Amino acid sequence: ELLSELEQFDIKMDPSELKLEHETLSLLLVLNCIVLVLSLLFGYFIYQKILSKKQLNGILDPSLSSNSITVTQLIIYPIKSCSGISLNSVNLTSTGFENDRLFMFIDSNQNFISQRKLPFLATVQANFSPCNSNLILSAPHINSLTIPIIKSSSSDSKVVTIWGESCNAVDQGDLIAHWFQMLLENQRKSRSKSEKQYSELFLPVYNNVRLVRIEERFHRSIEYGFVRGNNPQKHQVSFADGYPILLATEESFTEVKKHLSDGEHGEEDVDIGRFRANLVVKGSGKAWIEDVNWFRLEIGKEKLSFQVCKKCERCKLPTVDQKTGVMGTEPMKTLSEFHKDSEGKVCFGQNLVNEHKKGVISVGDSVRVFVRSV
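So, here is what we can say about the structure in this document.

Rules behind the numbers
- Residues numbered from 1 in each chain as written.
- Predicted model: local features only at pLDDT ≥ 70, side-chain atom pairs only at ≥ 80, totals over all residues.
- Heavy atoms only, no water.
- Helix = DSSP H or I, 4+ residues; strand = E, 2+ residues; numbered from the N terminus.
- Buried < 20%, exposed > 50% of the residue type's maximum accessible area, 1.4 Å probe, protein only.
- Contact = heavy atoms within 4.5 Å.
- Areas by Shrake-Rupley, 256 points an atom, 1.4 Å probe, with all protein chains shown as cover.
- Salt bridge = Lys/Arg side-chain N within 4 Å of Asp/Glu carboxyl O.
- Pairing = 2+ DSSP bridges.
- Axes fitted to C-alpha atoms, helices over the stretch in contact; angles between N-to-C directions.
- 1 Å grid on protein atoms, 1.4 Å probe; cavity = no way out; pocket = protein on both sides within 12 Å on 5 of 7 lines; lining within 4 Å.
- Points joined across faces, edges and corners; volume = space filled by probe spheres on them.
- Nonpolar A, V, L, I, M, F, W, Y, C, P; charged D, E, K, R; others polar.
- Phe/Tyr/Trp six-rings, centres within 6.5 Å; stacked < 30°, edge-to-face > 60°.
- Lys NZ or Arg CZ within 6 Å of the ring centre and 35° of its normal.

**Describing the overall build of the chain**
On a plain count of helices and strands, the chain comes out with six helices and 19 strands. Going through the 374 residues of the chain one by one, you find that 45% of them count as buried. A separation threshold of at least 6 residues defines the contact pool for the chain, and within that pool the share at least 24 residues apart is 71%. Accessible surface, the chain as shown: approximately 19,800 Å² in total, 54% of it carbon and sulfur.

Here it is as structure tokens:
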């Protein structure tokens, strides 16, 4: 029909040329459609990239000025469940704060020991020699002891258990084992089997307690399910329960103290050390705000990044007086009466993961809070 119409105007066209023109137009149309689809896909990819970054990093909390929150305390616990050391600055490592919970005591079943069973561990103090080559231990009513740190040894290597998880560790020798046994015997002499909270002292499983250090090359992954990013397995922890760093705010602790002083069974001599945080900050202006929407922190001039992963569910350990090693009922009794999460769990503090594995943070550093993006 097109050829007939063209002939009326004395225009002649070869049918093969017309077919070629038609195919060319069709091809151009297809190419235009492909370009349009690719452009839409690219735009969607960029949008998702931006959205993913916001979801991963959060957005800066507009309600807090850049200098309102500061670091007030930095604490490490060289031996799990023993006394802590307050520092003015700490180095970050792949497992959190340098020298934090590298060591732990184990029973004769190779299982970790904590204040939950032996509260007097709170009075055991561990310090490092200037070059971090020796461990210096002290406790009430016993001479202090200095031992060389054994970081790796095929003859002293053993598999130990923490919360049902197997870890490679290095035994620190007979000298510290003998020292701990004397400390344990002193505790047994001063306590009675009839006292329920001290009945664990007399179990035979503690007759051969050893001190171990986590093996240098061993990678203990953190608890899955709460860490963001494409490769959560890259984050690791030493002998902490599940996460490398525990955060507490002074505002939330002040609220706990207020309820303690108002209550009938309150104890005045309760300090924030009961909750065994590594990082304490001040300036949020409101108690428990860290549980509501804190998503990520940037600390100091280096803007070292920390993921806020999950609230810390509390056991009975905060009831142990960290100065005397005596277990009571507070602050957990009062805390359970006024601050539980939606599942009825008593929580205090937030578990963090340091995204930067190197860097230094110091007391007085500013803290920038990022909240979850909508």
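What follows picks up the thread again.
**Here's the deal with the pattern of salt bridges**
Under the counting rule described, the total for this entry stands at 14 salt bridges. Between Glu-298 and Arg-296 there is a salt bridge, with the nearest N and O atoms lying 3.1 Å from each other. No difference in accessibility class separates Glu-298 from Arg-296, as the two residues are buried. Linked by salt bridges that have partners in common, Lys-158, Asp-171, Asp-174 and Arg-210 make up one network.

**Observations regarding the sheet that holds strand E11 (residues 165–171)**
Judged by pairing direction, the sheet is antiparallel, and its four strands sit side by side in the order E6-E12-E11-E10 without closing on themselves. The two strands at the open ends of the sheet, each matched to only one other strand, are strand E6 (103–106) and strand E10 (157–162). Neighbour-to-neighbour, the strand axes of this sheet turn through a mean angle of 50°, independent of strand direction. Sheet topology places E6 next to strand E12 (residues 210–214); four bridges connect them, and they run antiparallel.

**Some points on the pairing of strand E16 (residues 304–313)**
In summary, the side chains of a regular strand alternate between the two faces of the sheet. The buried fraction of E16 is high, at seven of 10 residues. Pairing between strand E15 (residues 294–299) and E16: four bridges, direction antiparallel. Residue pairing across strands places Arg-296 opposite Gln-307, the latter belonging to E16. Linking E15 back to E16 in an antiparallel pair, the connection comprises four residues, with Gly-300 at a positive phi of about 80°.

**Here we look at the layout of surface pockets**
Counted as a void, the largest pocket has a volume near 910 Å³. Around the largest pocket, the lining comprises 36 residues; the ones closest to its centre are Asp-241, Gly-242, Cys-312, Glu-313 and Asn-351. Sorting the residues of the lining of the largest pocket by element identifies strand E13 (245–249), E16 and strand E17 (347–354) as the ones contributing at least two each. Considered class by class, the residues forming the lining of the largest pocket number 15 nonpolar, six polar and 15 charged. In this structure, the second largest pocket spans a volume of roughly 400 Å³.

**Here we look at the environment of Gly-364**
Examined against the element boundaries, Gly-364 turns out to sit in the loop between strand E18 (360–362) and strand E19 (367–371). Considering only alpha carbons, one finds Gly-364 and Thr-72, 292 residues apart in sequence, at a separation of 6.1 Å. In contact with Gly-364, not counting residues within four places along its chain, are Thr-70 and Val-71.

**Describing the packing of aromatic side chains**
Summed over the entire model, instances satisfying the criterion amount to eight aromatic pairs. Ring geometry for Phe-275 and Phe-348: centres 4.0 Å apart, planes at 25°, overall stacked. Highlighted residues: Phe-275 in the loop between helix H4 (250–262) and strand E14 (279–282) and Phe-348 in strand E17, separated in sequence by 73 residues. Judged by its relative accessible area of 1%, Phe-275 is buried. Members of the aromatic cluster, joined through ring pairs, are Phe-253, Phe-275, Trp-288, Phe-338 and Phe-348. A cation over a ring is seen here: Arg-296 above Phe-370, with NZ or CZ 4.1 Å from the ring centre. The ring of Phe-226 has Lys-310 lying over it, and the distance from NZ or CZ to the ring centre is 4.5 Å.

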